[in-house]
There are 2 protein chains.
Amino acid sequence: MATAKAHTNIALVKYWGKKDQELIIPQTDSLSLTLDEFYTTTTVDFDQELASDQVMINGQQLGGPAARKVTRLLDIVRQRSDLTARARVDSHNHVPTAAGLASSASAFAALAGAASQAAGLQLDRRGLSRLARRGSGSATRSVYGGLVEWQAGNDDQTSYAVPIMEEVDFGIEMIAILIDTRQKKISSRFGMQQSVATSPYYRLWPEVVAHDMVAVKKAIAARDVDQIGAIAEENALRMHALTLSAAPGFTYFDSDTLKAMAIVRELRANGINCYFTMDAGPNVKVIYDRVNREAVYSSLADQLGADRLVVAKPGPGIKIWND
Amino acid sequence: MATAKAHTNIALVKYWGKKDQELIIPQTDSLSLTLDEFYTTTTVDFDQELASDQVMINGQQLGGPAARKVTRLLDIVRQRSDLTARARVDSHNHVPTAAGLASSASAFAALAGAASQAAGLQLDRRGLSRLARRGSGSATRSVYGGLVEWQAGNDDQTSYAVPIMEEVDFGIEMIAILIDTRQKKISSRFGMQQSVATSPYYRLWPEVVAHDMVAVKKAIAARDVDQIGAIAEENALRMHALTLSAAPGFTYFDSDTLKAMAIVRELRANGINCYFTMDAGPNVKVIYDRVNREAVYSSLADQLGADRLVVAKPGPGIKIWND
């Protein structure tokens, strides 16, 4: 029996498209910031008495395709450890589910950590990152704290995250604007598949990412929050242009997304530097240097409501313990 | 002294990007439907007594860059006809100005028609189309009625519109949804320049258009409104993906644009076939077969208000007369 705590991450250079659906090998590298405010704590207990895996999320029994994804990851762990016992999984998400706030990142990182530990596997962090990847692509990065790169690789062995700066020693922060915490309509898995298969622009996405990865690592080395934010904003819009140009085209934006984007641009026009990024949902994350926190927060609170804002700082990597 | 009446057109396959800014030679072909409901009537009178061109639009004197664009077109006409006289231009727009409803298309087509006639130039329609092009790209197509192709060409001689089906003999119609008739913030001229210069995806746009031009002409030959609409919707979204992916990225959509798009998709999901297209502004045009007019109209009217809707049918080509 073991427990793991893992934090979400928000990509500054996005992961959008797989080259292997089964192993979750991405088309490109990506780079993210792990956040302190959003995390998942998961306990796994393998028990011979159980007839099937029992998965509880926030006190509710999980069924359907979501439960099958958990069982698939547990199967990988069982296979590697020659275990046959079914597991009791008790997971608590401190993340609004499935609204582009990457709850699956922290959830599958925590599951990989707790299950592998409970099964007696001695995985190093690279091994954990590879295992988390099998549950959800973005979980690959949530094994590490701070700024993290997911190196695409070509197969299960070579596709894993590496830390770029685990202890972030400069002022980058994010405000998450909660726009719609209901279930989103188009999953990121389906959205990226559609983009890869049908957007005529998708074939240039690897070039866009290759360029942005070099630029963002340079900006991180220079501790240049404005440069990091500008790259992240441009990269996000270029990802969302792939959904718009798919067949059929679609968008994750809603009217509040457009409003939040406009507020960020207006703040910037008024000399308060901040930048937006959005994932596969309507929520907007605003990137800024902590010296601008008060100005950014108060402007967003005035126009959108303080109850929809969460200030998030760089967060730590995964922690795992035996219960 | 001569008067011309020209109608607007809405592109089904968009014009987005110039290869020659001065001569307005587009990067790609495009294809549009001329509409009956929106038009411009313009009278031009060359008068030796005038010290400078006098331009009235809807009874208001025009100045600034807009007036200079008119004078530039008049200069071309004067040069070709060896006229030196300045002109009195009196123009009436039956189009909401500069909100993506292509008022410049009808305006510059009517100006080209009236000015060339008043100056005694004997231009055929191809010549008129080339002249209108010098004022505004989309005006190139407004010389003809119905379904019109603008062949990009390579220079002033070879870039002009040709009629595909002047008398439209099937049920295609559009409902224009007036979302914001105030001046737009980013002109189409600037928006397309930014897209050409900074969107990494722009270099695939010519391929997208080449594919869509073949497909839409086939669909027109088959009188297949659904196929025409589906191509137009996809083409429009791929054009708007170019603005989102520019540097800096931008969008012409506002919250009502997203709402109108959602209504169209919902109608279609309910078996009422209709399709959307948007130009360089927030307005949405809905394409459908006239057998669906009542169903589409009543649903849009319920959700957006009937006062914002204009039903438009295929319109005629330019008419020119001496006063």
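All figures in this text were calculated on a predicted structure; none of them were measured in a lab.

## Brief notes about the overall build of chain A
Then, in step 1: Within chain A one finds eight helices and 14 strands.
Then, in step 2: Scaling as 2.2 N^0.38, a compact globule of 323 residues should have a C-alpha radius of gyration of about 20 Å, and chain A matches this with 19 Å.
Then, in step 3: Burial statistics for chain A: of 323 residues in total, 58% are counted as buried.
Then, in step 4: Here the analysis covers contacts within chain A between residues at least 6 apart in sequence; of these, 75% occur between residues at least 24 apart.
Then, in step 5: If you sum the accessible surface of chain A, you get close to 12300 Å²; carbon and sulfur atoms cover 47% of it.
Then, in step 6: Within chain A, the 36 negative side-chain charges are centred at a point lying 4 Å from the centre of the 35 positive side-chain charges.

## A closer look at the sheet that holds strand E13 (residues 309-312) of chain A
Within a sheet, neighbouring strands are paired by backbone hydrogen bonds and run either parallel or antiparallel to one another.
Residues and elements named next belong to chain A.
Then, in step 1: The strand order E11-E12-E10-E13 describes an open sheet built from four strands, whose pairing is antiparallel. This sheet does not close on itself; its edge strands, each paired only once, are strand E11 (275-277) and E13. Taken pair by pair, the neighbouring strands of this sheet meet at an average axis angle of 25°, ignoring direction.
Then, in step 2: Summarising the sheet, strand E10 (residues 172-177) and strand E12 (residues 284-289) pair through six bridges and their orientation is antiparallel. When the bridges of E12 are listed, Ala176 appears paired with Lys285.
Then, in step 3: Contacts from helix H8 (residues 293-304) reach E10, E12 and E13, with the element oriented near 5° to E10.

## Section: the pairing of strand E8 (residues 147-151) of chain A
Residues and elements named next belong to chain A.
Then, in step 1: Of all five residues making up E8, four are buried, and the element is well covered by its neighbours.
Then, in step 2: As paired elements, E8 and strand E9 (residues 160-165) share five bridges and run antiparallel to each other. Of the residues in E9, the one forming a bridge with Trp150 is Ala161.

## Some points on the nonpolar core
Then, in step 1: In terms of nonpolar packing, the biggest core is built from 135 residues, with Val286 of chain A together with Val286 of chain B touching the most fellow members.
Then, in step 2: Every residue in contact with Val286 of chain B, bar those within four places of it in the chain, is listed here: Glu173, Met174, Ile175, Ile177, Val264, Cys274, Tyr275, Val296 and Leu300 of chain B.

## A few points about the interface of chain A and chain B
Then, in step 1: Tallying the contact residues gives 26 residues for chain A and 26 residues for chain B.
Then, in step 2: Between chain A and chain B lies a buried interface of about 2100 Å² when both sides are counted; carbon and sulfur atoms form 66% of it.
Then, in step 3: Three residues, Tyr201, Arg238 and Leu244 of chain A, lead the burial of chain A against chain B; their summed loss comes to 31% of the area buried on that side.
Then, in step 4: In this structure, Glu207 of chain A engages Arg203 of chain B in a salt bridge whose closest nitrogen and oxygen atoms are separated by 2.5 Å.
Then, in step 5: For the pair chain A and chain B, the number of links is ten residue pairs in polar contact (both at pLDDT 80 or more).
Then, in step 6: Only helix H5 (205-221), helix H6 (225-244) and helix H7 (255-269) of chain A provide two or more residues apiece to the side of chain A that touches chain B.
Then, in step 7: By residue class, the composition of the side of chain A that touches chain B is 14 nonpolar, six polar and six charged.

## Considering the packing of aromatic side chains
Then, in step 1: Overall, the coordinates contain seven aromatic pairs over all chains when judged by the stated rule.
Then, in step 2: Seen from their ring centres, Tyr201 of chain A and Tyr201 of chain B are 5.2 Å apart, and the 5° between their planes marks the pair as stacked. Linking Tyr201 of chain A in the loop between helix H4 (188-198) and H5 with Tyr201 of chain B in the loop between helix H4 (188-198) and helix H5 (205-221), this pair reaches from one chain into another. Like Tyr201 of chain B, Tyr201 of chain A is buried.
Then, in step 3: Ring centres 6.1 Å apart and planes at 90° place the aromatic pair Trp16 of chain B and Tyr252 of chain B in the edge-to-face group. With Trp16 of chain B in the loop between strand E1 (2-13) and strand E2 (18-20) and Tyr252 of chain B in the loop between helix H6 (225-244) and helix H7 (255-269), this residue pair connects regions lying 236 residues apart in the sequence.
Then, in step 4: Overall, Tyr252 of chain B belongs to the buried group, its relative accessible area being 6%.
Then, in step 5: Taken together, the ring pairs connect Trp16, Phe250 and Tyr252 of chain A into an aromatic cluster.
Then, in step 6: One cation-aromatic arrangement involves Lys5 of chain A over Tyr39 of chain A; the distance from NZ or CZ to the ring centre is 4.3 Å.

## Here's the deal with the relation of the copies chain A and chain B
Then, in step 1: By a simple turn and slide, chain A fits onto chain B: the slide is 0.0 Å along the axis, the RMSD is 0.0 Å, and the turn is 180°. When the rotation and shift are considered jointly, the pair of chain copies conforms to a two-fold rotation axis.

## Here's the deal with unusual backbone geometry
Residue and element names in this part refer to chain A.
Then, in step 1: Residue Pro248 follows Ala247 across a cis peptide bond; omega there is 0°.
Then, in step 2: With respect to the helices and strands, Pro248 occurs in the loop between H6 and H7.
Then, in step 3: Positive phi outside glycine occurs at Arg223, with the angle close to 50°.
Then, in step 4: By secondary structure assignment, the location of Arg223 is in the loop between H5 and H6.

## Section: the domain arrangement of chain A
All names here are of chain A.
Then, in step 1: Annotation of chain A at the domain level lists domain 1 (2-168) and domain 2 (172-312).
Then, in step 2: Here the C-alpha centre of domain 2 lies 23 Å away from the C-alpha centre of domain 1.
Then, in step 3: Contact residues are listed per partner, giving 35 residues for domain 1 and 46 residues for domain 2.
Then, in step 4: Its largest share of buried area at the contact with domain 2, domain 1 owes to Leu12, Lys14 and Trp16, together 27% of the area lost on that side.
Then, in step 5: Linking domain 1 with domain 2 are two salt bridges.
Then, in step 6: Among the salt bridges present, the one from Lys14 reaches Asp279, with a minimum N-O distance of 2.8 Å.
Then, in step 7: For the interface between domain 1 and domain 2, the tally reads nine residue pairs in polar contact (both at pLDDT 80 or more).
Then, in step 8: Elements that contribute at least two residues to the side of domain 1 that touches domain 2 include exactly strand E1 (2-13), strand E4 (30-47), E8 and E9.
Then, in step 9: If you tally residues by element for the side of domain 1 that touches domain 2, the top one is E4, at seven residues.
Then, in step 10: When its residues are assigned to classes, the side of domain 1 that touches domain 2 shows 19 nonpolar, nine polar and seven charged.

## Considerations on the pairing of strand E5 (residues 54-57) of chain B
Residues and elements named next belong to chain B.
Then, in step 1: By the bridge criterion, four bridges tie E5 to strand E7 (residues 86-93) in an arrangement that is parallel. Following the sheet pairing, Gln54 is matched in E7 by Arg88.
Then, in step 2: When E5 meets strand E6 (residues 60-61), the two strands line up antiparallel, connected through two bridges. Bridge pairing links Ile57 to Gln60 in E6.
Then, in step 3: Hairpin remark: E5 followed by E6, antiparallel, with two residues in the connecting loop; positive phi at Asn58, about 50°.

Conventions and cut-offs
Residues numbered from 1 in each chain as written. Chains lettered and ligands numbered in written order. Predicted model: local features only at pLDDT ≥ 70, side-chain atom pairs only at ≥ 80, totals over all residues. Heavy atoms only, no water. Helix = DSSP H or I, 4+ residues; strand = E, 2+ residues; numbered from the N terminus. Rg over C-alpha atoms; globule rule 2.2 N^0.38 Å. Buried < 20%, exposed > 50% of the residue type's maximum accessible area, 1.4 Å probe, protein only. Contact = heavy atoms within 4.5 Å. Areas by Shrake-Rupley, 256 points an atom, 1.4 Å probe, with all protein chains shown as cover. Lys, Arg positive; Asp, Glu negative; His and termini not counted. Charge placed at Lys NZ, Arg CZ, Asp CG, Glu CD. Pairing = 2+ DSSP bridges. Axes fitted to C-alpha atoms, helices over the stretch in contact; angles between N-to-C directions. Core = buried A, V, L, I, M, F, W, Y, C linked by side-chain atoms within 4.5 Å. Buried area = accessible area lost by both parts, 1.4 Å probe. Salt bridge = Lys/Arg side-chain N within 4 Å of Asp/Glu carboxyl O. Polar contact = N/O pair within 3.5 Å; in protein donor to acceptor, adjacent residues only side chain to side chain. Nonpolar A, V, L, I, M, F, W, Y, C, P; charged D, E, K, R; others polar. Phe/Tyr/Trp six-rings, centres within 6.5 Å; stacked < 30°, edge-to-face > 60°. Lys NZ or Arg CZ within 6 Å of the ring centre and 35° of its normal. Least-squares fit on C-alpha atoms with pLDDT ≥ 70 in both. Domains from an automatic or database assignment.

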